[in-house]
Amino acid sequence: MDVGEWQKRLEKTFSIDGIVGKRLLDIIDAEKTYGIHIAGTYHGHLVLINAFFDFYIETIQKAIKWIQENGWPKNLPNYPVNILQNVTNFKSFRAADTLFINEYPLDGYSLLRDLKDRAIFLGAIIHKLTNFSLLAGITGLNTVSRENMIKIIATRKKEEQRVHDLMIGEKSSLPSDIVSELKFWEKLFHEEVHGSKLTLAEVGVDWLKGKAPLHLEPIPNTTGMAMYMNRASEVGWLLTRTFPFLQPVENAFGEDWKSKQIILDESFRVMNQGLEKMGKKIATAFIYFVDNKFSFPENLHCSE
């Protein structure tokens, strides 16, 4: 069977009224409708998160412009990795938010799990508890082979666990009640990433109880949406705190940029304080975590 025959067979088998995937059109329409619902119902979240994305773009563009004008900083061999890590973070966050806007909030939530870890690792790098090479697991290995890849993976995992413990775990020097709350925070990420257990419960429990039909199309669910928005606000705040580390030298991006970063930082704090006022213990723990583990000097810039 050649490519043409392969394609024609698919078109013949799965076409309705000459459209391949016609049943999907209703799902796509529902996704668009859901996006309109999000825009009208959660305007505050969208203002904050879109401001975050816009500022992230501006920050990366300023870093690239600085390099174009000044060249790569000779005293910062890992600066290219710093930029690439942030570009990757931006794209991953946009992917998560796109899922949220189209009524897949818990799928977006699962993507935030890795972003949460990357933000924590960036914080550790800024505190000089580790570095990009150690977290990549490539120190001392000069050739790529199956044997070395196994070593790299094992070394990376070991370093990630060590850093995690120092930043947010048992060796973090955080109070035990704060560590306990943060463990639960991380456990919820884990449950969604491994087996989509939160999504399974969201879409299936009421149907199994005979309380609601089983929907394939997007249906607004306030629990899933709230979980995504709360976690996005937290991860966005962590990353915002690390943005000055993209400056190759002190104040490289200027006073206007610095003023914006402070306003965005304060805005994320207000969002998290709102949860705290609602009696959410995780909000209190998270604010404490940010103030103690993501508190950096005012003149923060990239250093090695």
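In this text the structure is predicted, and so the values were computed from the model without any measurement. (Residues numbered from 1 in each chain as written. Predicted model: local features only at pLDDT ≥ 70, side-chain atom pairs only at ≥ 80, totals over all residues. Heavy atoms only, no water.)

Colleague: What exactly am I supposed to notice about the confidence of the model for the protein here?
Modeller: For residues with low pLDDT, the predicted coordinates do not support detailed interpretation. A residue-level look at the protein finds 88% of positions with pLDDT of 70 or above and a mean pLDDT of 89. Looking across the protein, the model is least confident in helix α9 (residues 197-208), with a mean pLDDT of 57, and most confident in helix α3 (residues 43-70), with 97. (pLDDT = per-residue confidence, 0-100. Helix = DSSP H or I, 4+ residues; strand = E, 2+ residues; numbered from the N terminus.)

Colleague: Help me understand unusual backbone geometry in this model?
Modeller: Most of the time, phi is negative for any residue but glycine, and the peptide bond is trans. Positive phi, close to 55°, is recorded for Asp 17, a residue that is not glycine. Asp 17 gets classed as exposed once you look at its relative accessible area, which sits at 64%. The residue Ser 173 is not glycine, and still its phi comes out positive at about 70°. Structurally, the position occupied by Ser 173 is in the loop between α7 (146-167) and α8 (176-193). Overall, the relative accessible area of 73% leaves Ser 173 in the exposed class. (Buried < 20%, exposed > 50% of the residue type's maximum accessible area, 1.4 Å probe, protein only.)

Colleague: Sorry if this is basic, but what is going on with the environment of Lys 128 here?
Modeller: Note on placement: Lys 128 falls in the loop between α5 (105-126) and α6 (132-136). Between the C-alpha atoms of Lys 128 and Glu 304, which are 176 residues apart in sequence, the distance is 7.9 Å. Ignoring sequence-local partners within four residues, the contact set of Lys 128 consists of Ser 303 and Glu 304. Of note is the side chain of Lys 128, whose polar atom sits 2.9 Å from the side chain of Ser 303. (Contact = heavy atoms within 4.5 Å. Polar contact = N/O pair within 3.5 Å; in protein donor to acceptor, adjacent residues only side chain to side chain.)

Colleague: How should I be thinking about the pattern of salt bridges in this particular structure?
Modeller: Opposite charge on two side chains makes pairing possible when the charged atoms of those side chains draw close. Taken as a whole, this structure holds 13 salt bridges when the rule is applied. Salt-bridge contacts for Glu 58 lead to Lys 260; the nearest nitrogen and oxygen are separated by 3.1 Å. One end of the pair, Glu 58, is in helix α3; the other, Lys 260, is in helix α11 (residues 254-277), with 202 residues separating them in the sequence. Using a relative accessible area of 35% as the deciding quantity, one classes Lys 260 as partly exposed. Arg 241 serves as the salt-bridge partner of Asp 265, at 2.5 Å between the closest nitrogen and oxygen. In this pair, Asp 265 sits in helix α11 while Arg 241 sits in helix α10 (residues 222-242), placing the two residues 24 residues apart along the sequence. (Salt bridge = Lys/Arg side-chain N within 4 Å of Asp/Glu carboxyl O.)

Colleague: Mind showing me how you'd approach the packing of aromatic side chains here?
Modeller: Each aromatic ring pair is summarised here by two numbers: the centre-to-centre distance and the angle between the ring planes. Here the structure, examined in full by the defined rule, presents 19 aromatic pairs. When the centroid spacing of 5.9 Å and the interplanar angle of 20° are considered together, the rings of Phe 52 and Phe 243 count as stacked. Here the residue Phe 52 occupies a position in helix α3, and Phe 243 occupies one in the loop between α10 and α11, the gap between them amounting to 191 residues. Geometrically, the ring pair formed by Tyr 56 and Phe 243 is tilted, given 4.5 Å between the ring centres and 45° between the ring planes. (Phe/Tyr/Trp six-rings, centres within 6.5 Å; stacked < 30°, edge-to-face > 60°.)

Colleague: Which parts of the structure should I look at to understand α7?
Modeller: Turn by turn, an α-helix covers 3.6 residues, leaving residues three or four places apart pointing in a common direction. In a regular helix each residue adds 1.5 Å, so 22 residues correspond to 32 Å; α7 covers 31 Å between its end C-alpha atoms and thus fits that length. Where α7 is concerned, the buried positions are Asn 148, Ile 152, Glu 159, Val 163, His 164, Asp 165 and Met 167. (Expected span 1.5 Å × (residues − 1).)

Colleague: So what exactly am I meant to see when it comes to the side chain of Asn 89 here?
Modeller: Structurally, Asn 89 is set in helix α4 (residues 79-101). The class of Asn 89 is buried, set by a relative accessible area of 0%. The residues touching Asn 89, leaving out its near neighbours within four places in the chain, are Tyr 56, Leu 115, Arg 118, Leu 122 and Leu 239.

Colleague: Can you walk me through the side chain of Thr 240 in this structure?
Modeller: Locating Thr 240 in the fold gives a position in helix α10. For Thr 240, a relative accessible area of 0% translates into the label buried. Setting aside chain neighbours within four positions, we find Thr 240 in contact with Phe 52, Gln 261, Leu 264, Asp 265 and Phe 268.

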